[in-house]
Amino acid sequence: MGEGRQSVGILGGGLAGLALACLLAERGHPVTVYERDRAGGKLRRLEVGGLAFDTGPSLFTFPEVWRAFLARLGEADPLDLQPLPGGLGLHHTPFGTVPLPVPPEHPLFAEWERYLTRLEPLRPHLGPLLSTPPQLWRPDFLRASRALFGVTGPHLTAEGWIRAQRYPPALAHALRTHALNAGRAPQDAPALYALIPGLVGHEVFRPARGMGALLETLLSFARARGVEVLEGVEVTRLRGTTLTFRDGGAVTHDLLVSALDPQRLRRLRGQGAPSPAARRTVSGLAIYAALPGPAPLPATSVLPPSDFRAFRRALRAGAWPPDTLALVHADGPRLAVLLTVPALTRRLGPDHPWVQAELRRVEETLGVPGLLRSALDVQVLDPLHYAAGGHPGGAIYGAAHPLWRSGPFHPEPYRPAPGLWQVGTGVHPGGGIPAVLGGALTVDRLIGAAIPDAHHGG
Ligand SMILES: Cc1cc2nc3c(=O)[nH]c(=O)nc-3n(C[C@H](O)[C@H](O)[C@H](O)COP(=O)(O)OP(=O)(O)OC[C@H]3O[C@@H](n4cnc5c(N)ncnc54)[C@H](O)[C@@H]3O)c2cc1C
């Protein structure tokens, strides 16, 4: 290899691995992605009853991070992001329904405006907060952290911050729901997560050709830069910069990047034991249904747990909560119901009594009894599915860290060992597409600073 030109092996072809593959290939490094299953990870295209469904992420938020990613690659945006009607959706709280963002004609609009004003100082710093290495000596990260603490004040948790603002109960309940973007109850989520609905605001999108277009785009950017994406190749061991595969083969690269859950990485390196259920973020049960006709529902409906204290107690005990967060996406005859469940490695289907009760609650609350029974076909992804390529128990955002190590001050190092870097949902704070892309931009910047670009170096 010429000076600067480093062969890079990336473990995991989810969105994080593919995004970083594009960025490092853009620097002129030859990149190979090793994916145990299919590229896309949690985002994959399913066919249900002859209809195409995209699994995993359904809401595309904080598009400025995507635009920063495109700018780094010098690419135009092929996604044609479309605003999702109704934004974050209609929240059915025990105190009344609340659309987020709250529209001007709604009785809670003045309180919503008060909320937006409170977090306004943070808005310009959001991009840096999501895509800058979290190092306090970096001026942009320092400014962003100051702005964040200026808004959250002394409150460590989302619950603490929301209570202190004394919002009407319906708005407070709807805001609490979004703490679950941290994969945790609002009492255990950093205060930053209470601000998410306001920071997202009206910027809730989906690519015109569905979320699958994001995966297609990343794959085409990667291929155009010569990245090799090897599917069905599972890494079973990592020592130094040498990878061993399930079929016994091995390969050594100059540089490795893990885009896996950090605990999986530790196991491959011969370290660490699985986290206990109480120290995991939540998992999900996703039900994709092909209906005979369009569902009479808004694009997104949100049913929060009716009592967050009971919900938290259950999660901590690794038990079923009395009721949970249900997200319902309706798109013509396509219906997706996503239930938040504890991250217990367990097969779970629509016939489970707890799931049945939750689905009844969803149908009754939305006024569509029997809707799922009318489906022509249904497919279910359960915690076992999410555990197969991810964190134990199927925890969507990986391990749950103590508060003082959550959010921007996360404990996962970007470079756990010489020659080894890591990205992905369980590494960069936030979870979801913005964190995955922001994390890839961050690690690309750090690698770029550590190793000269191949274009310039040799
Ligand atoms: C139901 C659900 C709803 C969601 N909703 C949203 C949303 O609305 N908006 C949003 O922004 N985000 C959402 N998310 C989160 C988002 O989908 C994820 O954060 C993101 O897709 C994770 O990408 P990743 O690359 O970090 O991880 P993954 O997608 O988990 O990728 C890791 C990859 O590594 C592979 N792998 C594992 N072990 C090995 C090995 N030993 N060798 C080789 N390969 C291996 C896996 O097969 C997998 O492909 C949702 C997630 C779920 C599950």
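Residues numbered from 1 in each chain as written. Predicted model: local features only at pLDDT ≥ 70, side-chain atom pairs only at ≥ 80, totals over all residues. Heavy atoms only, no water.

S.K.: Would you take a moment to explain the overall build of the protein chain for this structure?
M.R.: When helices and strands are tallied, the protein chain shows 15 helices and 19 strands. The C-alpha atoms of the protein chain give 21 Å as radius of gyration, which agrees with the globular expectation for 458 residues (23 Å, within 12%). Relative to its 458 residues, the protein chain shows a buried fraction of 58%. The contacts of the protein chain with a sequence gap of at least 6 include a subset with a gap of at least 24, amounting to 72%. Surface summary for the protein chain: the accessible area is close to 18100 Å², and the carbon and sulfur share equals 53%. Taking the 45 positively charged and 37 negatively charged side chains of the protein chain as two groups, their mean positions are separated by 8 Å. (Helix = DSSP H or I, 4+ residues; strand = E, 2+ residues; numbered from the N terminus. Rg over C-alpha atoms; globule rule 2.2 N^0.38 Å. Buried < 20%, exposed > 50% of the residue type's maximum accessible area, 1.4 Å probe, protein only. Contact = heavy atoms within 4.5 Å. Areas by Shrake-Rupley, 256 points an atom, 1.4 Å probe, with all protein chains shown as cover. Lys, Arg positive; Asp, Glu negative; His and termini not counted. Charge placed at Lys NZ, Arg CZ, Asp CG, Glu CD.)

S.K.: It is not clear to me how the pairing of strand E2 (residues 31-35) should be interpreted in this structure. Could you clarify?
M.R.: Two faces, one strand: in a regular strand the side chains alternate between the faces of the sheet. Judged by how many residues are buried, E2 sits mostly within the fold: 5 of 5 residues are covered. Of the two faces of E2, the one holding Val31, Val33 and Glu35 and the one holding Thr32 and Tyr34 are both buried throughout. Sheet topology note: the strand E1 (residues 8-11)/E2 ladder contains 4 bridges and is parallel. Looking at the pairing, Val8 lines up with Val31 of E2. (Pairing = 2+ DSSP bridges.)

S.K.: Even after reading the chapter, I still don't get the domain arrangement of the protein chain, so can you show me in this structure?
M.R.: Often, the extent of an interface is quoted as the loss of accessible area on bringing the components together. Domain parsing of the protein chain yields domain 1 (8-81 + 210-276 + 401-457), domain 2 (111-195) and domain 3 (282-342 + 348-381). Between domain 1 and domain 2, the C-alpha centre-to-centre distance is 26 Å. Across the contact, 21 residues belong to domain 1 and 21 residues belong to domain 2. Between domain 1 and domain 2 the total buried area reaches about 1600 Å² when both faces are included, carbon and sulfur atoms providing 67% of it. In this assembly, domain 1 and domain 2 are joined by 1 salt bridge. (Domains from an automatic or database assignment. Buried area = accessible area lost by both parts, 1.4 Å probe. Salt bridge = Lys/Arg side-chain N within 4 Å of Asp/Glu carboxyl O.)

S.K.: Whenever I open this one, the site of the ligand confuses me. Can you help?
M.R.: Looking at the ligand, there are 29 residues lining it, with Glu35, Lys42, Val235, Thr425 and Ile433 nearest. Take Thr425: an N or O atom from its side chain is 2.8 Å from an oxygen atom of the ligand. Here the ligand loses 92% of its free accessible area of 1000 Å² to cover by the protein chains. Breaking the shell around the ligand down by element, the ones donating at least two residues are helix H1 (15-26), E2, helix H13 (383-389) and helix H14 (432-450). Counting residues per element, the shell around the ligand draws most heavily on H14, at 4 residues. Here the residues of the shell around the ligand are counted per class, giving 15 nonpolar, 9 polar and 5 charged. (Near = heavy atom within 4 Å. Polar contact = N/O pair within 3.5 Å; in protein donor to acceptor, adjacent residues only side chain to side chain. Nonpolar A, V, L, I, M, F, W, Y, C, P; charged D, E, K, R; others polar.)

S.K.: Please clarify how the sheet that holds strand E10 (residues 235-239) should be interpreted in this entry.
M.R.: Within a sheet, each strand pairs with its neighbour through backbone hydrogen bonds, oriented either parallel or antiparallel. With respect to topology, 3 strands assemble into an open sheet ordered E10-E11-E12, the strand pairing being antiparallel. Pairing within the sheet leaves two strands with one partner each, and these edge strands are E10 and strand E12 (250-252). This sheet shows a mean twist of 20° between the axes of neighbouring strands, independent of strand direction. For E10 and strand E11 (residues 242-245), the ladder comprises 4 bridges, and the chain directions are antiparallel. Its bridge partner being in E11, Arg239 is matched across the sheet by Thr242. (Axes fitted to C-alpha atoms, helices over the stretch in contact; angles between N-to-C directions.)

S.K.: Would you take a moment to explain the UniProt feature "domain: Amine oxidase" (unreviewed entry) in the protein chain for this structure?
M.R.: Under the present numbering, the feature "domain: Amine oxidase" (unreviewed entry) in UniProt falls on residues 15-291. Between the C-alpha atoms that bound residues 15-291 the distance is 29 Å, and the span itself is 35% helix and 21% strand. (UniProt positions renumbered as here; feature names shortened; annotations may be inferred.)

S.K.: Honestly, the nonpolar core in this entry has me stumped. Any pointers?
M.R.: Soluble globular proteins tend to pack their nonpolar side chains together in the buried interior. Within the largest apolar cluster, 91 residues are counted, with the highest numbers of intra-cluster contacts made by Trp66 and Phe69. With 10 residues, H1 is the largest single contributor of residues to this core. Looking at which domains feed residues into this core, each of domain 1 (8-81 + 210-276 + 401-457) and domain 2 (111-195) gives three or more. Apart from the residues within four sequence positions on either side, Trp66 is in contact with Phe60, Asp77, Leu79, Leu81, Leu214, Thr217, Leu218, Phe221 and Leu437. In terms of nonpolar packing, the next biggest core, distinct from the first, is built from 24 residues, Val328, Leu339, Val355 and Val362 among them. (Core = buried A, V, L, I, M, F, W, Y, C linked by side-chain atoms within 4.5 Å.)

S.K.: Even after reading the chapter, I still don't get the pattern of salt bridges, so can you show me in this structure?
M.R.: Pairing is possible between side chains of opposite charge, provided their charged atoms come close. Counted according to the given criterion, the structure contains 21 salt bridges. When the shortest N-O distance is used, the salt bridge between Asp188 and Arg316 registers 3.1 Å. Placement of Asp188 in the loop between helix H7 (169-177) and helix H8 (196-200) and of Arg316 in helix H11 (residues 308-317) is noted, with a sequence separation of 128 residues between them. The buried category is assigned to Asp188, whose relative accessible area is 9%. Put simply, Arg361 and Asp323 hold a salt bridge, and the shortest N to O gap is 3.7 Å. Taken together, the positions of Arg361 in helix H12 (residues 353-366) and Asp323 in the loop between H11 and strand E16 (326-331) put the pair 38 residues apart, joining distant regions of the chain. A residue is classified by how much of its surface remains accessible, and Asp323, at 11% relative accessible area, is buried. One salt-bridge network, in which partners are shared between bridges, spans Arg27, Arg72, Asp444 and Asp453.

S.K.: Which parts of the structure should I look at to understand the environment of Gly50?
M.R.: Note that Gly50 resides in the loop between strand E3 (45-48) and strand E4 (51-54). Gly50 gets classed as exposed once you look at its relative accessible area, which sits at 59%. Taking the C-alpha atoms as reference points, Gly50 and Ala224, 174 residues apart in sequence, are found 31 Å from one another.

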